[in-house]
Amino acid sequence: MALKKLVAGNWKMNGSLAALDEIKAIAAAAKANPGADVAIGVPATLITPAASAAPGFAIGGQDCHWNASGAHTGCLSVAMLKEAGASFVIVGHSERRTDNHESSAEVARKAEAATSGSLMAIICVGETEAERDAGQAVAVVTGQIRDSVPVGSTGANTAVAYEPVWAIGTGRTPSTGDVAEMHAAIRAQLIDLLGEEGTGVRILYGGSVKASNADELLHVPDVDGALVGGASLKAADFVPIIEAGAR
Ligand code: 13P
C-alpha cells in the first residue's frame, strides 16, 4: 500500500518574522490538501513564532544535539526544540555533513535522541557528484542509511530524505529512473535494518524540487514525499508541490 506522502520544506538559514505570513498560507494549503502531510523546518529562532502563527501545523528544527543538556555552546537539545514548538527535526543534511563535518554515526545519535524525545526525525543522505560519476552512488547512500538510521526507528517516528548533493540548489535533478533505482535500494536497506518496519519509513526525494517537476518526481515508485529547499520559502511556489503530493 502506498504511504501517505510527506511534503516537507527546509528553510535552511532563511526567514524572519516577516515570513510568518508564508507559514500561515502554507498551513492553510496543508489543511486544504489532507491527502498529504506537510511540514516546514525553520531556523530555530522562528520555531515558536511559526508554531504560534499556525497552530496544529508541523513546524520543525534543522538540527539537534544528542545530549539532553550540557556544555555544548550554540547547540539545541531535543527537549528545547520540543518546548519551542517543534514536532520534528531534520538531521544529517548534507550542508551540515559538509559545513560541520557531521558523520553518519553522529547523525544516528541525533536521530535516536530525536525519536526518544518524541520528535519525528527526517534523516538526510545523498551522494556527491564525484561519487555518482564513479558509479558509487548506491553504495555510498545505502552505507549512509545503514550508519545513520538507528535500529528501532519506525515508520511513525522516522523519514529518510534522499538528496543528491549535486542536485541541491542547482536546478539539476536525477532522471526518474535514477531516483527509482536509489529509492528501491534505500527501501531494501531499510528493510534489512529494521525488518517489516522498514516498509513504513517514508523516503523523500530532495534536490531542486519545484512546481514544474514535483508531479513527476513525487510519483516515482518508492518516492513517499519531497524535501524542498528554495521552493518552500514562498507559499506561491510551495503550494503546487503540496497539491502534487496530495494527488
Ligand atoms: P533545493 O530544493 O533548494 O534544491 O534544496 C533541497 C534541500 O537541500 C532540502 O533540504
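See the structure shown above.
The notes below deal with the structure included here. Everything numeric in this text was worked out from a predicted model, so none of it was measured.

Quick notes on the packing of aromatic side chains
In this structure the tally under the stated criterion is one aromatic pair. Pairing Tyr162 with Tyr205 gives two aromatic rings, centres 6.2 Å apart and planes at 65°, and the pair type is edge-to-face. In this pair, Tyr162 is assigned in strand 6 (residues 158-162) and Tyr205 in strand 7 (residues 202-206), connecting sequence segments 43 residues apart. Among the residues examined, Tyr162 registers a relative accessible area of 0% and is labelled buried.

So, the site of the ligand
Every one of the 13 residues lining the ligand counts as a neighbour, but Lys12, His93, Glu163, Gly169 and Ser208 are closest to it. Between the ligand and the protein, one listed contact pairs an oxygen atom with a backbone N or O atom of Gly230 at 2.9 Å. The fraction of the free accessible surface of the ligand (310 Å²) that becomes covered by protein chains is 94%. Residues belonging to the shell around the ligand are distributed by class as follows: four nonpolar, seven polar and two charged.

Some thoughts on the nonpolar core
Of all hydrophobic cores here, the largest spans 64 residues; its most connected members are Ile26, Phe57, Val160, Ile186, Leu190, Phe238 and Ile241. The next biggest cluster of nonpolar side chains, apart from the first, holds 12 residues, and it includes Ala8, Ala39, Leu204 and Leu227.

Quick look at the pairing of strand 1 (residues 5-10)
When you tally the buried positions in strand 1, you get six out of six residues, the bulk of the element. Taking every second residue as pointing to the same face, both faces of strand 1 are buried, with Lys5, Val7 and Gly9 on one and Leu6, Ala8 and Asn10 on the other. Where strand 1 and strand 2 (residues 36-41) come together, six bridges link them in parallel fashion. Note that in strand 2 the partner of Lys5 across the bridge is Ala36. In this region the chain leaves strand 1, passes through helix 1 (residues 20-32) and returns to the parallel neighbour strand 2; the handedness of that crossover is right-handed. Inspection of the sheet shows strand 1 paired to strand 8 (residues 225-228) by four bridges, in the parallel sense. For Gly9, the partnering residue across the bridge sits in strand 8 and is Val228.

What about the side chain of Thr115?
Its location among the elements puts Thr115 in helix 5 (residues 104-116). A distance of 3.3 Å separates the side chain of Thr115 from the backbone oxygen of Glu112, its partner in a polar contact. Excluding its chain neighbours within four sequence positions, the residues that come into contact with Thr115 are Ala121, Asn157 and Thr158.

Some points on the sheet that holds strand 2
Strand order in this closed barrel of eight strands is 1-2-3-4-5-6-7-8, and the pairing throughout is parallel. With strand direction ignored, the average angle separating the axes of adjacent strands in the sheet is 25°. The strands that helix 7 (residues 137-148) touches are strand 5 (120-125) and strand 6; relative to strand 5, the one it contacts most, it runs at about 150°. Where helix 8 (residues 176-194) meets the sheet, its contacts fall on strand 5, strand 6 and strand 7, and the angle it forms with strand 7 comes to roughly 150°.

Things to note about the environment of Val165
Structurally, the position occupied by Val165 is in the loop between strand 6 and helix 8. Sequence-wise, Val165 and Ser87 are 78 residues apart; in three dimensions their C-alpha atoms are separated by 26 Å. The contacts of Val165, once residues within four sequence positions are left out, are Ser94, Gly126, Glu127 and Thr128.

Quick look at the environment of Arg187
Secondary-structure assignment places Arg187 in helix 8. Taking relative accessible area as the criterion, Arg187 reaches 9% and is therefore assigned buried. With residues up to four places along the chain from it excluded, the contact list for Arg187 reads Leu3, Gly198, Thr199, Gly200, Val201, Ile203, Asp222 and Asp224. Only 2.7 Å separates the side chain of Arg187 from the backbone oxygen of Gly198, close enough to count as a polar contact.

Looking at the pattern of salt bridges
Applying the stated criterion across every chain, the model contains 15 salt bridges. One salt bridge connects Asp21 with Lys24, and the closest N-O pair in it is separated by 3.9 Å. Taken as a pair, Asp21 and Lys24 lie in helix 1 at a separation of three residues, close to a single helical turn. Exposure remark for Asp21: the relative accessible area of 52% places this residue in the exposed category. Two residues, Asp63 and Lys110, come together in a salt bridge whose shortest N-O distance is 2.7 Å. Within this pair, whereas Asp63 is found in the loop between strand 3 (58-61) and helix 3 (78-84), its partner Lys110 is found in helix 5, the two being separated by 47 residues in sequence. Judged by relative accessible area, Lys110 falls into the buried class, the value being 7%. Here the residues in one salt-bridge network are Asp63, Arg96, Glu102 and Lys110, joined through shared partners.

How each quantity is defined
Residues numbered from 1 in each chain as written. Predicted model: local features only at pLDDT ≥ 70, side-chain atom pairs only at ≥ 80, totals over all residues. Heavy atoms only, no water. Phe/Tyr/Trp six-rings, centres within 6.5 Å; stacked < 30°, edge-to-face > 60°. Helix = DSSP H or I, 4+ residues; strand = E, 2+ residues; numbered from the N terminus. Buried < 20%, exposed > 50% of the residue type's maximum accessible area, 1.4 Å probe, protein only. Near = heavy atom within 4 Å. Polar contact = N/O pair within 3.5 Å; in protein donor to acceptor, adjacent residues only side chain to side chain. Areas by Shrake-Rupley, 256 points an atom, 1.4 Å probe, with all protein chains shown as cover. Nonpolar A, V, L, I, M, F, W, Y, C, P; charged D, E, K, R; others polar. Core = buried A, V, L, I, M, F, W, Y, C linked by side-chain atoms within 4.5 Å. Pairing = 2+ DSSP bridges. Right-handed = clockwise from strand over helix to strand, strands pointing away. Contact = heavy atoms within 4.5 Å. Axes fitted to C-alpha atoms, helices over the stretch in contact; angles between N-to-C directions. Salt bridge = Lys/Arg side-chain N within 4 Å of Asp/Glu carboxyl O.

All quantities given are derived from atomic positions and should not be read as evidence of function.
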